[in-house]
Every structure is written in structure tokens, then in C-alpha cells.
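A closer look at the structure
Each chain, letter by letter, is given below.
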Amino acid sequence: MSLFDDAREVIAGGVNSPVRAFAGVGGEPVFFKRARGAWLEAEDGRRYIDYVGSWGPMILGHTHPAVVEAVTETTRQGMSFGAPCVLETRMAEKIRALMPSIERLRMVSSGTEATMSAIRLARGHTGRDTIIKFEGCYHGHSDSLLIKAGSGALTLGVPSSPGVPAALAEHTVTLDYNDTEALDAAFESLGERIACVIIEPIAGNMNMVPAEPGFLTRLRELCSRAGTVLIFDEVMTGFRVAKGGAQSLLGIEPDLTTLGKVIGGGMPAAAFGGKQTIMTSIAPDGPVYQAGTLSGNPVAMAAGLATLEHLDRPGFYESLDRLTGEFVSGLAELAEAAGIPLAVEHAGGMFGFVFTEDAPIRRFEQVAAADVERFRAFFHGMLDEGIYLAPSAYEAGFVSAAHGDDEIAKTLDAAKRVFAKLR
Ligand SMILES: *Cc1c(COP(=O)(O)O)cnc(C)c1O
């Protein structure tokens, strides 16, 4: 019996979140028992260089001493009060200082809660029902957001999971990412019925696909004109691609932003926030209901705050960006030398690579058409070499501040051997 077999006896599918099950790459997931810096240690004692970083949160690397210290100290004082504590205020101040479009915010415990609440707020605030999202973006698993494009542009969406009522899909329009014409057409026909548009400004859930600057500028214009709330889902990109998130890199201010992953530093913390005029619609100030027993949990706040405080260090993002850039360009060079077409992308500590000749990747169809078999072979080759990549061709990867030239060199050496076998 493997550890995965044991898990499957009690946990549905053996995992508590589906992508962990290795269904996209085949084989059985690795069980980890320990992690430090850029390295993971499996139950069988094997060590891996980690490019998943718990899917984004671990920007300082694993078990960073300052974060562990903050969590330990805070835990001793009390793990949850269900009443206000000062750490929540400090955390909110820190987030607002780093991301000034957030005038007021509300803490929650997961990215899913953040996007779900932001959408309800946008609907409640505008008094409108229709929302627009984009194919290939992921915003968590709430009902309104598990809806994909129907057939043909501008048709209403269809549920992408059983259990999501078709009635909800009637209020969700799903458009192609970076398709300005489709966006114009949607606003032309639906205009002032659109409560909000939610988008990953740099998409990280269809590998890594940045929005084109002209596309986002147009989106901002259309939303402002129609009184539609523009929501940037920065659960992944917030404090990952730059100190001020993707919005600071791209120079576009959303009305609301959702955050998660990095802001918890490995603990369950997420947030949504933005314009004060919109945020006052949330209870208790306003009529839109939203709540959470463990929201703003002191231990999670301590981990997040200790993490965010490190991001202010001079050169933090410059060196993260340099290292991540060296990694992906090294990967691209090795692939080219091996005659394997590979498109790469990176920003700050986030990267993507897709086995395709069709570079650069700007549309969902391009990712969908890539060579998934080759990805699977590469993934398993790298895993055998002690390199832990995301077990799916559709996920972005992450480099942490604990990665150094040594880890990158080891990874590229491994990639060279694996590419040679892929040919
Ligand atoms: C991870 C993610 C979410 C969901 O966050 P959870 O904490 O897993 O619920 C939402 N949006 C984006 C862009 C994400 O990457």
C-alpha cells in the first residue's frame, strides 16, 4: 500500500484539492514531510527543489525564520479571538501601503472567498446581475465563477461543473482573454447591465499569459464608462510579480482587487478591497452581507505581515525577477539546443513555459493546443531528477527569494538531461 492508497481510503480522491492528485501528469503524488528554503523533503527522504511554493504563497521560501517566529509568538498569545485584534489593522495598513488602489479592505481565509465576496459586492453595489469573466482565468470554485463560455462569442455561459445551476450561468458571460473586439461587442450589447468584469491581469491558471496592455486599457475605459466594477483577481499575482502587484507593473487601477496566496505567507489568509465608495456597501456599513468566523485570524495575520514586511527590502523584486528570468531563458536555450519548441514567460517570481512553436502565448487556445504529452514526459523526467514542478501543463510556476544561483544551475543541468531524452 502506498501513502496515496492509504489516503484514498479516507480522503475523497486521496487529496484535499484536485490538482494535487497528479491526474494531469499520471503517477502518484509525492507526500512531503518537511520544507526549508527552496527545498522540499518527501516522506521517503528524497529532496526536491520546489517550483510550486504551495501554489504561490511561499515567496520567501519555506519555513522562513521571521515567519516561523511571528507565527510561534502569536500562537502563544491566542489562536483566534473572533473579535478585533491589532494585527488585522497592521496587516490592512501594510497591504494598502503596498497597493494604494485598495482604500479599504476586508480579510477572508481563501482566494475563493475573496473573489466570491468581491462579485457579490459588485452586484450589490451596482444593483446589476451580469458578470463578465475570461476563458482560461480561474477565480476559485464559487458557483458564479465555475462557468465557461457557451458556443459562439457573446452567448451566455454554461456551468463547468455539475452542481452549478444553469440559472447562475445565465448571468455570466465568458469572453476570450485578450480579445478586444469581443470585449467591445459585449459592452455594446450589455453595457449598463454589467455589474463587474473579473480578470487575472497576468493569467496564471492557463500556464502564464499576460494581458496585452491595449486590452486592459480598453477594459478600464469600458468599465468606467458603463459604471461597471473592474475587479483584478491578484490572488496569484499580488506581491508575486512586483511589490505593487500586476496593477503596478501594468499601470492600470482596478476598482476592486482580490488577494490571497502571498498575503498569508503559507497560512490561510486572503482579502478583497478597493475603492472606499464601493467597500462601504459591505456589512456592517452597508447592506451587502459578508462574514467569516476565522477571517483576520491573528496567526494568519502574523504570518502574512512577517512575509509582507520582507518584500520592502531593497532589491527584493529585482533579484527575484533576475533569477526567474535567468531560469526561464536558460530553459528556453536548452530546449532550443535540443530542437524542442518552448515558449517561456516570467514576471517577478512567477513563470510559465509551454511546449509550442506558437510564441508568444497571448490566447487561451494557444495554451490549449500545446503539446501536453511532452509536458508530462518533461515533468516526470524532472521529478526523477529531484525537481518539483507543478503537476499540470496549465499552471504557472514560482521561484522564491530562497532560491539561489546554485538551485537554478542544478535545475538547468537536470533540464538539459531531460530535454536530451525527450527528443
Ligand atoms: C488560487 C487562486 C484563486 C483561489 O484561491 P484559493 O485560496 O485556492 O481559494 C483565485 N484566483 C486566482 C487568480 C488564483 O490563482
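Residues numbered from 1 in each chain as written. Predicted model: local features only at pLDDT ≥ 70, side-chain atom pairs only at ≥ 80, totals over all residues. Heavy atoms only, no water.

Thoughts on the sheet that holds strand β16 (residues 350–354)
Note the cut-off: Think of it this way: DSSP has to see at least two bridges between two strands before they count as a pair. Secondary structure elements are defined from DSSP: runs of H or I of at least 4 residues count as helices, runs of E of at least 2 residues count as strands, and each element is numbered from the N terminus. It only takes one pair of heavy atoms within 4.5 Å for two residues to be counted as in contact. For helices, the axis comes from a line fit to the C-alpha atoms of the stretch in contact; other axes are also lines fit to C-alpha atoms, and the angle between any two N-to-C directions lies between 0 and 180 degrees.
Read from one edge of the open sheet, three strands run β15-β16-β18, paired in antiparallel fashion. Each edge of the open sheet is held by one strand with a lone partner, namely β15 (343–347) and β18 (397–398). Where β15 lies against β16, five bridges are found, and the strand directions are antiparallel. Looking at the pairing, His-346 lines up with Phe-351 of β16. Helix α11 (residues 316–337) contacts β15 and β16 of the sheet and is inclined by roughly 180° relative to β15.

Focus on unusual backbone geometry
For the bond from Ala-283 to Pro-284, the omega torsion is 10°, close enough to zero to count as cis. Here Pro-284 is to be found in the loop between α9 (276–279) and α10 (298–311). Here the phi dihedral of Trp-55 falls at roughly 70°; this positive angle occurs in a residue that is not glycine. When you line up the elements, Trp-55 lands in the loop between β3 (47–50) and α2 (65–77). Positive phi values are uncommon outside glycine, yet Asn-178 reaches one of about 65°.

A closer look at the packing of α2 against α10
Going by this rule: Put simply, angles under 35 degrees are roughly parallel, angles over 145 are roughly antiparallel, angles from 65 to 115 are roughly perpendicular, and the rest are oblique. Note on convention: the crossing is left-handed when the near helix lies turned anticlockwise from the far helix by less than a right angle, right-handed when the turn is clockwise. In this classification, Asp, Glu, Lys and Arg are treated as charged, Ala, Val, Leu, Ile, Met, Phe, Trp, Tyr, Cys and Pro as nonpolar, and every other residue, Gly included, as polar.
Look at α2 against α10: their axes get within 8 Å of each other, and the N-to-C directions meet at 155°. In terms of orientation, α2 and α10 fall into the roughly antiparallel class. Of the two possible hands of crossing, α2 and α10 adopt the one that is right-handed. Contacts between α2 and α10 involve Ala-66, Val-67, Ala-70, Val-71, Thr-74 and Thr-75 from the first element and Pro-298, Val-299, Ala-302, Ala-303, Ala-306, Thr-307 and His-310 from the second. Looking at the contact of α2 with α10 residue by residue, the class counts come to nine nonpolar, four polar and no charged.

Some details on the domain arrangement of the protein
How big an interface is tends to be expressed through the accessible area that disappears when the partners come together. Going by this rule: Each domain's extent is set by a domain assignment, obtained either automatically or from a database. Throughout, buried area stands for the accessible area (probe radius 1.4 Å) lost by two parts on being put together, summed over both. By definition here, a salt bridge exists when the distance from a side-chain nitrogen of Lys or Arg to a carboxyl oxygen of Asp or Glu is within 4 Å. For the purposes of these results, a polar contact is taken to be a pair of N or O atoms within 3.5 Å, where, inside protein, one atom must be able to donate a hydrogen and its partner to accept one; residues adjacent in sequence count only when each atom of the pair is a side-chain atom.
Looking at the protein, the domain boundaries give domain 1 (3–59 + 314–422) and domain 2 (65–310). In this structure, domain 1 and domain 2 have C-alpha centres spaced 25 Å apart. Between domain 1 and domain 2, the contact holds 30 residues from the first and 30 residues from the second. For the domain 1 and domain 2 pair, buried surface summed over both sides reaches about 2,400 Å², with 63% attributable to carbon and sulfur atoms. On the domain 1 side of the interface with domain 2, the three residues burying the most area are Met-350, Arg-362 and Phe-364, jointly 27% of the side's total. At the junction of domain 1 and domain 2, the tally comes to zero salt bridges. Where domain 1 meets domain 2, there are 10 residue pairs in polar contact (both at pLDDT 80 or more). Contributions of two or more residues to the side of domain 1 that touches domain 2 are made by α11, β15, β16 and α12 (364–368). No other element matches the five residues that β16 contributes to the side of domain 1 that touches domain 2. Class assignment for the residues of the side of domain 1 that touches domain 2 results in 20 nonpolar, five polar and five charged.

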